[in-house]
Amino acid sequence: MEDIDRQRTLAYFERLGKERVRLYTAIDCDRFLGDWQVRELADQWLDAKNAEDSPRQLGWPLLRLLLSDRRP
């Protein structure tokens, strides 16, 4: 897939929104979105959107600090 096609497809996904892209990939990606390259791009795009929406995980050093026993 050429870069310009990739950019247009990602812009199209943004216009559709996460729920509709997820629905299209679940039903029949070839019919609604295109070939296997578009399917892979849709999966990557959905993974990125899910990562943006999920809460950030605490790093281990911070988690250790918060959960450490501070009794004298």
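The notes below deal with the structure included here. (Residues numbered from 1 in each chain as written. Predicted model: local features only at pLDDT ≥ 70, side-chain atom pairs only at ≥ 80, totals over all residues. Heavy atoms only, no water.)

**Some thoughts on the overall build of the chain**
Thought 1: Counting its secondary structure elements, the chain contains 4 helices and 0 strands.
Thought 2: Each helix (α) and strand (β) of the chain, taken in turn from the N terminus, gives the series α-α-α-α.
Thought 3: Sorting the 72 residues of the chain into buried and exposed places 21% on the buried side.
Thought 4: Look at the contacts in the chain between residues 6 or more apart in sequence, and 61% of them connect residues 24 or more apart.
Thought 5: Summed over all atoms, the accessible surface of the chain reaches about 6000 Å², with 52% contributed by carbon and sulfur. (Helix = DSSP H or I, 4+ residues; strand = E, 2+ residues; numbered from the N terminus. Buried < 20%, exposed > 50% of the residue type's maximum accessible area, 1.4 Å probe, protein only. Contact = heavy atoms within 4.5 Å. Areas by Shrake-Rupley, 256 points an atom, 1.4 Å probe, with all protein chains shown as cover.)

**As for helix α3 (residues 36–53)**
Thought 1: Counted at 1.5 Å a residue, the expected span for α3 with its 18 residues is 26 Å, and the 26 Å between its end C-alpha atoms agrees.
Thought 2: Within α3, burial applies to Val 38, Leu 41, Ala 42, Trp 45, Leu 46 and Lys 49. Each buried residue of α3 lies within a common arc of 140° when the element is viewed along its axis, so the set occupies one face. Residues of α3 that are exposed and point over 90 degrees away from its buried face: Trp 36 and Asp 47. (Expected span 1.5 Å × (residues − 1). Arc of directions from axis to C-beta.)

**Some details on the pattern of salt bridges**
Thought 1: Counting across every chain of the model gives 3 salt bridges.
Thought 2: Taking the shortest distance from any N to any O, the salt bridge between Asp 43 and Arg 39 comes out at 3.5 Å. In this pair, Asp 43 and Arg 39 are both assigned in helix α3, 4 residues apart and thus about one turn of the helix distant. (Salt bridge = Lys/Arg side-chain N within 4 Å of Asp/Glu carboxyl O.)

**Side note on the packing of aromatic side chains**
Aromatic ring pairs are described here by two measures, namely the spacing of the ring centres and the angle between the planes.
Thought 1: A complete count under the given rule lists 1 aromatic pair for this structure.
Thought 2: Their ring planes at 55° and their centres at 5.6 Å tell us that Phe 13 and Trp 45 sit as a pair that is tilted. With Phe 13 in helix α1 (residues 3–16) and Trp 45 in helix α3, this pair connects stretches of sequence that are 32 residues apart. Side by side, Phe 13 and Trp 45 carry an identical accessibility label, which is buried. (Phe/Tyr/Trp six-rings, centres within 6.5 Å; stacked < 30°, edge-to-face > 60°.)

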